[in-house]
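The residues making up each chain are set out below.
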Amino acid sequence: MPEQDPAKRVKNFNEVALGYSLEQAIEEAKRCLQCKNPTCQQGCPVEVDCKQFIYFVAKGDIESAYKTIQETNSLPAVCGRVCPQENQCEGHCKLKPTGQPIAIGRLERFVADSYYAKHPCDALSGTSSCPVIDSNLKVAAIGSGPSSLTFAGYLASRGIKVTIFEALHEPGGVLTYGIPEFRLPKKIVHTELEALKAQGVEIKTNYVIGATLDINDLFAQGYKAIFIGVGAGLPKFLGLEGENLIGVYSANEYLTRVNLMRAYKFPEFDTPLPEGNNVVVIGGGNVAMDAARTALRLGAKNVYIVYRRTQKEMPARLEELHHALEEGVQLKVLSSPVAFKGDEDGRLSSLVIQKMKLGEPDESGRRRPIPIDGEIEEIKTDLAIIAVGTRSNPLLLQATPNLKLNKWGYVEVNPETGETNIPNVFAGGDIVTGSATVVLAMGAGRKAAKEVYKRLKENIK
Amino acid sequence: MGFKIVKKRELIPNRVSELTIYAPDIASKARPGNFVILRIFPKGERIPLTIADKSPAEGTITIVYLVVGKTTAHLETFQVGDEILDVCGPLGKPTRIEKKGEVVCVGGGTGIAAMHHIAKGHAQVGNKVISVIGARSKDLLLFEEELSKFSHKVLVATDDGSKGKKGLVTQVLEDYLKSHEVKEVVAVGPVPMMKAVSELTKKYSVPTTVSLNSIMVDGIGMCGACRVSVGGRIRFACVEGPEFDAHEVDFDELMLRLRSYVKQEQISYNHFCECHGKEKN
C-alpha cells in the first residue's frame, strides 16, 4: 500500500498510509483463494465475513462488500487501520505460509473509505432496511470507545434504543484522545460516529457515570440493560525518583493534550503543549510508538524509545515500530530507567538509565532483563513520556461497590455473556481485560450486545 | 446544549466573580469538596473549579473564580444567559464529614469560596464551625456574610489590617488553637497558606485536611497531570483527592508543578487580549 515518504510525513499529521486505488484493491482481492473452508473469519474477534467481502471487491462491487462487513462490524474504517491483522484475519489466511497473506485489513479500509466517499448519505442516514427504534426498549452504554460503539451499533441496527454516556466532551474514547491523527484521522472516527447516530444511537457527553449519575440512576431512568465500556484509563507510573518533575508525562496526558485538546495548535487552542527537544519515551508498545512519532512531528530534535529488553521483545505491532524507525525514532534497548534528574526550577534535565542484558526466560516466556553492574548512562532530556500501560480507573468502580472485581481490579464477567455479577449489567473491553486492542474491545461489545438482544427479545414475547 | 449561567455576582470587580450555573444532574449529586471541570468554548482548555455551593431544588451549582489567566479572563466576559459549553462533574471525592465537635475552616483568597461548601457541610451535621478567612485587604474578603450564617464565629485577618487582625490567617488560627480543643482543621487557599497552616497544626497535633488545586486535564483519572506526593506516594488529586491529609502532602513539589506552564500561560493570555473582541465566543 502506498505511504507518505518518511522525510515528508514526519513534518505533518496527515495519515501515513495512503490507501489502495480501486485497481490495486481489485488486484489484491483477486489473489484470494476463496477457500471452501475459510479460516480468516475465525481469526476476527467480530467475525467479519472476509471471504465474502473480498469476493465482492474482486468484482468491483464495493457497495455489497461494505454491507457484508457492516453486518458484523460497526467500525470498519477504524479496524482497517488499527487492528493487528497479522495475528487475526491475515494470521489465519491460508496464504500466510507463503509469506503473502491477503491484505485483508487494507481491503477493509479501502471498502469503508470508498463507500463513505461515494455514498456519504447512505452511510450516514442508514438504509430503508433499518428497523424503527423502539424507545421502550432502551439500554445504556458507559464510555464511548470501541466496545461501547460496537455494542450500540449491534443493538441500534436491530431496533433497540441505545444511549451512550461519555465523560469527556468528545466521544470516541481511545480513538479520539489516544490514537494520533496520522494513524487514525479524526474525520474517520467522526464519520463512523455519525453513521451510528443516524441509526438512532444517542451520545451524551459530559456524563461521568459514577459521579453525575450512577448505575442505579440509569436503571431508575428505565434503561433495561447497562454496558460498562469505560476502558482502563489510569496511567501507571514507575515509582522512580524525580518522576513528578515538570516535563515528565504519562503517555495518556501527552496524547490527550495533543489529540483531544489540540494542543499542537496552541495558542489558537488554549491547552498548552508539552515542548521537548530531546524526548525520551519509556515503553515498547503501540502507545509508546504513537507518543514518539507525535513528538517528532511536533519538532523534537531527538526522540529515544527506552526499553529494557530488545527490539525483538517489543509488544508494538511490527508496522508501528517500522514506521517509527523510518521516521527517525532512535531505540535505546536493554535500558531500564532508574531516576529522573531536574534543575533548580523542578524541570526535567536528564534520565538515568541502567544498562541491561537478557537472562533466562521468565513466566511470560520472554528473556528476563538483568542489570549489568556499573553500566549507567545519563541521557539529556527535557521531556519524558511514560508509556508502560494503565490500570483500571477507580471512579465508576468505587461508585458501584457491589460490582465484583478480579484481583487486578478489573471487572469480572461471565465469559459466555459478558454479564457482571449485577444482573443486566454487562462489561467489556479494557475494563475487563486490562489494556488490549481496539478490536478485542469491539468483540466484547458485540458479545454483550448479542446477549442483551436475546433477553430483550425474549421479554417482548 | 451548553450550561446556562443564571446568575452572576461580581464579588471583587474585574477580579473575582461568582457564577450560578444551571446543571441539575450535577446539582443533585454535588457534595462538599467536589469540583467540576469546565470548558467554556470549542477551542478551550479544561479547567477544574471547586463547587462553592449548590441548590438541588433549583438545579444549580455555584462556582467562584479569580481572573488569573486566559480561561478565567475569557470566562469573565460571560454574562447571565450565556452558556458554558461543557460542565462535567461532580468530580473528586467528597469531604469526609462526620460529627466530631469543633472544626476550624481556614480559607484564603478565592479558596474561601471553596471552603464555604465544606464548612457548610460540617455545620449541617452539627459540628461547631469556626471560619478563619484572610485576604490582603478588606475589599478582597469573600463570603464573610455567607459564612456567618452557619459559623459559630468568623475570624478575619488582613495583611494591611483594614479588617480583623493585621497579619496572616495562621496567626489567627494559632491564637485560637492555643485556647480551644479543635478536632479538625480544614484549609483551602493558596499553596503557601495551606503549607503554613499544615506546619502550624502539626505543632498542635490537630488533624488537618487540605484541598489541592493541581493542574488537571481530564479530571477523571486518565492523565496523571494532577499527581501529588502524599506520604511519599504518587496520588491523583482528581480521583483520589482533591482533599488529603495536610501533614502528608509535599507542598513544595505542588508549588513547582503549578508553575509547569507559566511561559505558555502568559502567551495564551496575551493572545487572548490581542484577539479579544474579535473572538469573544
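Basis of the calculations
- Residues numbered from 1 in each chain as written.
- Chains lettered and ligands numbered in written order.
- Predicted model: local features only at pLDDT ≥ 70, side-chain atom pairs only at ≥ 80, totals over all residues.
- Heavy atoms only, no water.
- Helix = DSSP H or I, 4+ residues; strand = E, 2+ residues; numbered from the N terminus.
- Rg over C-alpha atoms; globule rule 2.2 N^0.38 Å.
- Buried < 20%, exposed > 50% of the residue type's maximum accessible area, 1.4 Å probe, protein only.
- Contact = heavy atoms within 4.5 Å.
- Lys, Arg positive; Asp, Glu negative; His and termini not counted.
- Charge placed at Lys NZ, Arg CZ, Asp CG, Glu CD.
- UniProt positions renumbered as here; feature names shortened; annotations may be inferred.
- Axes fitted to C-alpha atoms, helices over the stretch in contact; angles between N-to-C directions.
- Parallel < 35°, antiparallel > 145°, perpendicular 65-115°, else oblique.
- Left-handed = near helix turned anticlockwise from the far one by under 90°.
- Pairing = 2+ DSSP bridges.

Peer 1: So what exactly am I meant to see when it comes to the overall build of chain A here?
Peer 2: Within chain A, the secondary structure is distributed over 18 helices and 15 strands. For a compact globule of 461 residues, the expected C-alpha radius of gyration is about 23 Å, and chain A comes in at 23 Å, within 12% of that figure. For chain A, the spread of C-alpha atoms along the principal axes amounts to about 70 × 55 × 50 Å. Sorting the 461 residues of chain A into buried and exposed places 57% on the buried side. Put simply, 68% of the contacts in chain A that link residues at least 6 apart link residues at least 24 apart. With 54 positive and 54 negative side-chain charges, chain A shows a separation of 4 Å between the mean positions of the two kinds.

Peer 1: Is there a simple way to think about the UniProt feature "domain: Dihydroprymidine dehydrogenase" (unreviewed entry) in chain A in this case?
Peer 2: The feature "domain: Dihydroprymidine dehydrogenase" (unreviewed entry), as annotated in UniProt, sits at residues 9-117 of chain A in this numbering. Span residues 9-117 of chain A is 49% helix and 0% strand, its end C-alpha atoms 24 Å apart.

Peer 1: Please clarify how the packing of helix α2 (residues 22-30) of chain A against helix α3 (residues 50-58) of chain A should be interpreted in this entry.
Peer 2: Residue and element names in this part refer to chain A. It is the contact of α2 with α3, at a shortest axis distance of 8 Å, that shows an interaxial angle of 130°. With respect to α3, the element α2 is oriented oblique. Crossing of α2 against α3: the hand is left-handed. Residues Ala 25, Ile 26, Ala 29 and Lys 30 of α2 form the contact with α3, whose own contacting residues are Ile 54, Val 57 and Ala 58.

Peer 1: Please explain the sheet that holds strand β15 (residues 425-427) of chain A as it appears in this structure.
Peer 2: Residues and elements named next belong to chain A. The strand order β3-β2-β1-β4-β15 describes an open sheet built from five strands, whose pairing is parallel. Each end of this open sheet is capped by a strand with a single partner; those strands are β3 (202-204) and β15. Direction aside, neighbouring strands of the sheet carry axes that sit 25° apart on average. Two elements, strand β2 (residues 160-165) and β3, share three bridges in a ladder whose sense is parallel. Bridged to Ile 164 within β3 is Ile 203. On the sheet, helix α9 (residues 146-156) packs against β1 (134-142), β2 and β4 (226-228) and is oriented at approximately 160° with respect to β2.

Peer 1: Mind showing me how you'd approach the environment of A:Pro185 here?
Peer 2: Residue and element names in this part refer to chain A. Tracing the chain through its elements places Pro 185 in the loop between α10 (174-177) and α11 (186-198). As a C-alpha pair, Pro 185 and Ala 77 span 108 residues in sequence and 10.0 Å in three-dimensional space. Apart from the residues lying within four places of it in its own chain, the contact partners of Pro 185 are Glu 15 and Arg 81.

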